[in-house]
Amino acid sequence: MKKICIFCGSSMGFDPIYKEKAIELGQALADQDCELLFGGGSVGLMKVVADVMMERHCKVTGTITQHLLDMRVGHADIDELIVVETMAERKKILEDMADGFIALPGGIGTMDEFFEAYVLSQLRVFDKPVALFNVNGYYDGIVAFIKHMADEGFMRREHAENLIVSDDPKDLLTKMEQFQPADVTKWVVEIKEQVKN
């Protein structure tokens, strides 16, 4: 697993721990000789991780929309910056290129990217690990809600449990290496049976 895509904020957050942990993640990725794929921005936590990995001579590829590039937030110093027209194109390129996905703390854009990757993993469109880097308990609410969905019967428990969550970068990467996708066949059969009853 060498090409890791990160989803994260275009902001730094108020607590310095978010930047500190983004640096730690960049260092952990570099220690594993990973390539970084990201949204191509020169702002926020995405810039922090990209800069750390470039300092360690790791390959960094960004994908950004022309609209955002026109706003002068593109990272000019990375190895490759792919420019597209739409956010959907941007996500598709990242999803196709990556071996795995990590969501750092971020806003609704991060949530959009994370949940799309998580759905594609659940449906076995791809068999790639999806992880939450739960810095400072940032994703506790999301993790609890995913458990709630499973408890209420709107999500398979194995899909809920297949989400990788950790606040430690090395532990996160180890779990991603060990990832095994959940079987989708039994799930599809069972939801079809529910309709009949």
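See above for the structure.
None of these values were measured; they are calculated from a predicted model.

Novice: Teacher, can you tell me more about the overall build of the chain here?
Specialist: Scanning the chain for helices and strands turns up nine helices and seven strands. Since a compact globule built from 197 residues should have a radius of gyration of about 16 Å, the 17 Å found for the chain is in line with a globular shape. For the chain, the spread of C-alpha atoms along the principal axes amounts to about 60 × 35 × 30 Å. Here the chain holds 197 residues, and the buried ones make up 46% of them. Expressed as a percentage of contacts within the chain between residues at least 6 apart in sequence, the contacts between residues at least 24 apart total 68%. A total of about 10200 Å² of accessible surface is found on the chain, and carbon and sulfur atoms cover 53% of it. For the chain, the centre of its 21 positive side-chain charges and the centre of its 33 negative side-chain charges are spaced 3 Å apart.

Novice: Quick question: what am I supposed to make of the side chain of Thr-110 here?
Specialist: On the secondary structure map, Thr-110 appears in helix α5 (residues 108–122). When neighbours within four sequence positions are excluded, Thr-110 is seen to be in contact with Phe-7, Cys-8, Gly-9, Ala-103, Leu-104 and Tyr-139.

Novice: Quick question: what am I supposed to make of unusual backbone geometry here?
Specialist: Glycine aside, a negative phi is what most residues show, and trans is what most peptide bonds show. Despite not being glycine, His-57 has its phi angle at roughly 65°, a positive value. Topologically, His-57 is positioned in the loop between α2 (44–55) and β3 (60–65).

Novice: Please explain the side chain of Asn-134 as it appears in this structure.
Specialist: For Asn-134, the location among the structural elements is in the loop between β6 (130–133) and α6 (140–151). A polar side-chain atom of Asn-134 sits 3.2 Å from the main-chain amide nitrogen of Tyr-138. Non-local contacts of Asn-134, meaning those with residues more than four positions away in its chain, are made with Tyr-139, Asp-140, Val-165, Ser-166 and Asp-167.

Novice: I tried to follow the pairing of strand β2 (residues 35–38) on my own but got confused; where do I start?
Specialist: Strand residues, when the strand is regular, have side chains that alternate between the two faces of the sheet. Direction of pairing for strand β1 (residues 3–7) relative to β2: parallel, over a ladder of three bridges. Bridge assignment links Ile-4 to a residue of β2, and that residue is Leu-36. Note that the unit made of β1, helix α1 (residues 17–31) and β2 has a crossover that is right-handed. Bridge analysis of β2 against β3 gives three bridges, and the strand direction is parallel. Each bridged residue has a counterpart across the sheet, and for Leu-37 the counterpart in β3 is Thr-61. Regarding topology, α2 serves as the crossover connection from β2 to the parallel β3, and that connection is right-handed.

Novice: Sorry, what's going on with α1 here?
Specialist: Along an α-helix, residues three or four positions apart point the same way, because every turn accommodates 3.6 residues. The terminal C-alpha atoms of α1, which comprises 15 residues, lie 21 Å apart, in line with the 21 Å expected from a rise of 1.5 Å per residue. Buried residues in α1 make contact with β1, β2, α2, β5 (100–103), β6 and α8 (169–177). One or two positions beyond α1, positive phi appears at Asp-33, with a value near 55°.

Novice: What is the right way to read the state of the cysteines from this model?
Specialist: The bond known as a disulfide is covalent and runs between the sulfur atoms of two cysteines. With the rule as written, the count across this model stands at zero disulfides. Its sulfur unpaired, Cys-5 is 9.1 Å from the next cysteine sulfur, which belongs to Cys-8. By relative accessible area, Cys-5 is classed as buried at 0%. Judged by its relative accessible area of 7%, Cys-8 falls in the buried class.

About the criteria used
- Residues numbered from 1 in each chain as written.
- Predicted model: local features only at pLDDT ≥ 70, side-chain atom pairs only at ≥ 80, totals over all residues.
- Heavy atoms only, no water.
- Helix = DSSP H or I, 4+ residues; strand = E, 2+ residues; numbered from the N terminus.
- Rg over C-alpha atoms; globule rule 2.2 N^0.38 Å.
- Buried < 20%, exposed > 50% of the residue type's maximum accessible area, 1.4 Å probe, protein only.
- Contact = heavy atoms within 4.5 Å.
- Areas by Shrake-Rupley, 256 points an atom, 1.4 Å probe, with all protein chains shown as cover.
- Lys, Arg positive; Asp, Glu negative; His and termini not counted.
- Charge placed at Lys NZ, Arg CZ, Asp CG, Glu CD.
- Polar contact = N/O pair within 3.5 Å; in protein donor to acceptor, adjacent residues only side chain to side chain.
- Pairing = 2+ DSSP bridges.
- Right-handed = clockwise from strand over helix to strand, strands pointing away.
- Expected span 1.5 Å × (residues − 1).
- Disulfide = S-S within 2.5 Å.

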